[in-house]
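An overview of the molecular structure
The chain contents come next:
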Amino acid sequence: MTTVLITGASAGLGAAFARGFAAKGCDLILVARDTGRLEDLAGELAAAHGTASEVLTADLLDPAQCATVAARLADPDRPVDVLVNNAGFGLPAPFPYSPVEDEERMLDLLVKVPLKLTHTLVPGLRERRRGAVLNVSSVAGLLPTGTYGAAKAWITAFSESLRVDLAPYGVRVLAVVPGFTRTEFQERAGMDVSALPDSVWLDADAVVARALKDLALRRPLSITGRRYKAYALAARHLPRGFVARRMARDRRPPASAPAHRAQDVAD
Ligand SMILES: NC(=O)c1ccc[n+]([C@@H]2O[C@H](COP(=O)([O-])OP(=O)(O)OC[C@H]3O[C@@H](n4cnc5c(N)ncnc54)[C@H](OP(=O)(O)O)[C@@H]3O)[C@@H](O)[C@H]2O)c1
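As a starting point, this report considers the structure included with it. As the structure is a prediction and not an experimental result, all values here were calculated from the model. (Residues numbered from 1 in each chain as written. Predicted model: local features only at pLDDT ≥ 70, side-chain atom pairs only at ≥ 80, totals over all residues.)

The number of helices and strands found in the protein chain is 10 helices and 7 strands. Relative to the globule expectation of 18 Å for 267 residues, the C-alpha radius of gyration of the protein chain, 19 Å, shows essentially globular dimensions. Across its three principal directions, the C-alpha atoms of the protein chain cover 65 × 35 × 35 Å. Scored against the burial criterion, the 267 residues of the protein chain give a buried share of 37%. A separation of at least 24 residues holds for 68% of the contacts in the protein chain among residues at least 6 apart in sequence. (Helix = DSSP H or I, 4+ residues; strand = E, 2+ residues; numbered from the N terminus. Rg over C-alpha atoms; globule rule 2.2 N^0.38 Å. Buried ≥ 20, exposed ≤ 12 C-beta atoms within 10 Å, placed from the backbone. Contact = placed C-beta atoms within 7 Å.)

In structure tokens, the structure reads:
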């Protein structure tokens with residue numbers, strides 16, 4: 001029996017990963033802050049697939065609660081085979097207008113938490129010579145697109161190199177690289193996405209189905225849809241300075257931000 005621990009399992013892509021792994025007969029450990037939603041999901045998965053799910057309520061930004069999740073990953077009597085580092089959020093304002101505490105929380109959840117949880121599980125995976133780590137990144141990490149994109153660039157590069165380190169032990173590592181996906185992400189981040197055409201949106205179940213196929217095929221990256229595959233290809237060849245300037249045009253200051261005066265720089 002394969003046991004899969006998923007962070008951010010109460011909504012969006014994490015819940016879709018739970019459904020995808022449950023359909024394959026895996027047992028699950030569901031991690032997020034909202035116990036009620038995790039319990040509802042555990043009940044749904046038990047009814048649909050006969051899956052056993054542990055609900056592990058944790059705010060991963062709380063060091064003690066994150067340590068509890070790490071302890072579960074390190075428990076030799078109840079081995080975890082697959083870790084899905086998925087929990088995340090974005091911020092409403094670009095870096096110059098964003099409180100540094102919010103920036104630090106985002107960096108911690110997108111980078112330090114996956115680093116710590118992965119580091120905790122790796123010795124067990126190596127010893128058992130099986131298992132996988134799936135890291136949910138983003139196409140935003142393929143080009144210079146602000147601090148969220150910088151954190152996602154980290155997790156993609158981390159996944160690509162860890163994949164090589166763990167390959168001799170038969171352990172797989174996959175970076176899941178979604179484009180815009182219909183979840184609660186944009187609403188939670190206070191992003192206005194009303195102008196985006198329907199054609200850019202991915203379905204969370206489709207992202208997960210593609211990721212599980214790419215995991216089975218031992219691919220390094222999983223990108224869903226022709227549009228985002230073309231974007232990833234173009235990203236390799238586009239001049240990064242030009243792209244950084246073009247992307248910055250879409251990262252407007254929030255309405256509440258004070259006007260930037262030339263004198264501010266001189267002061
Ligand atoms: N949706 C997109 O367009 C998109 C595109 C590319 C990449 N991604 C990435 O996909 C991943 C999943 O996002 P999503 O789109 O599924 O967003 P979502 O629907 O907002 O789900 C986010 C999940 O993260 C959990 N979470 C947030 N803060 C947490 C914390 N401090 N501790 C524990 N859990 C926490 C939330 O659960 P609780 O509130 O219950 O804690 C929720 O389950 C993220 O890494 C995101 O960056 C999303």
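Structure shown, so let's carry the discussion forward.
Right, let's get into unusual backbone geometry. Here Arg129, not a glycine, exhibits a phi torsion of approximately 55°, which is positive. Summarising the element assignment, Arg129 is placed in the loop between helix H4 (100-128) and strand E5 (132-136). In this model, Arg218 sits at a positive phi of 60°, which is unusual for a non-glycine residue. Inspection of the secondary structure puts Arg218 in the loop between helix H7 (204-216) and strand E7 (221-222).

The next point concerns the site of the ligand. Around the ligand, 30 residues are found, and the nearest of them are Gly8, Gly12, Arg33, Asp34 and Gly88. Of all the secondary structure elements, the ones that give two or more residues to the shell around the ligand are helix H1 (12-23) and helix H6 (185-188). Here the shell around the ligand takes 3 residues from H1, the largest share from any one element. Across the shell around the ligand, the residue classes break down as 14 nonpolar, 10 polar and 6 charged. (Near = placed C-beta within 6 Å. Nonpolar A, V, L, I, M, F, W, Y, C, P; charged D, E, K, R; others polar.)

All right, on to the packing of H1 against H7 then. It is the contact of H1 with H7, at a shortest axis distance of 9 Å, that shows an interaxial angle of 55°. One finds that H1 runs oblique with respect to H7. H7 is crossed by H1, and the crossing has right-handed handedness. Where H1 abuts H7, its residues Gly12, Leu13, Ala16, Phe17 and Gly20 lie against Ala204, Asp205, Val207, Val208, Ala209 and Leu212. Taken together, the residues of the contact of H1 with H7 break down into 8 nonpolar, 2 polar and 1 charged. (Axes fitted to C-alpha atoms, helices over the stretch in contact; angles between N-to-C directions. Parallel < 35°, antiparallel > 145°, perpendicular 65-115°, else oblique. Left-handed = near helix turned anticlockwise from the far one by under 90°.)

What follows is about H4. A rise of 1.5 Å per residue sets the reference length of H4, with its 29 residues, at 42 Å; its end C-alpha atoms lie 41 Å apart and thus fit the reference within 8%. At Asp108, H4 shows its strongest bend, of approximately 40°. Among the residues of H4, Met106, Leu109, Leu110, Val113, Pro114, Leu117, Thr118, Leu121, Val122 and Leu125 are the ones counted as buried. Contacts from the buried residues of H4 go to helix H3 (63-74), strand E4 (82-85), E5 and helix H5 (146-166). Arg129, located one to two residues past H4, shows a positive phi value of around 55°. (Expected span 1.5 Å × (residues − 1). Bend = angle between axes of the 7 residues up to and from the residue.)

Another point: the packing of H4 against H5. Two numbers describe how H4 lies on H5: the axes approach to 9 Å, and their chain directions differ by 10°. One way to sum up the angle between H4 and H5 is to call them roughly parallel. Between H4 and H5, the contacting residues are Glu103, Met106, Leu107, Leu110, Val111, Pro114 and Leu125 on the first element and Thr147, Tyr148, Ala151, Lys152, Trp154, Ile155 and Leu166 on the second. Looking at the contact of H4 with H5 residue by residue, the classes come out as 11 nonpolar, 1 polar and 2 charged.

Moving on, we come to the nonpolar core. Membership of the largest hydrophobic core comes to 64 residues, with the highest contact counts inside it found for Ile6, Ala18, Leu28 and Leu30. The element contributing the most residues to this core is H4, with 8 residues. Ignoring any residue separated from it by four or fewer positions in sequence, one finds Leu30 in contact with Ile6, Ala9, Ala18, Leu38, Leu41, Ala42, Ser53, Glu54, Val55 and Leu56. (Core = buried A, V, L, I, M, F, W, Y, C linked by C-beta atoms within 7 Å.)

This part covers the pairing of strand E3 (residues 53-57). Bridge count for strand E2 (residues 27-32) against E3 is 5 bridges, and the pairing is parallel. Looking at the pairing, Leu28 lines up with Ser53 of E3. You can see the chain leave E2, run along helix H2 (residues 35-49) and come back into E3, and the turn it takes is right-handed. (Pairing = 2+ DSSP bridges. Right-handed = clockwise from strand over helix to strand, strands pointing away.)

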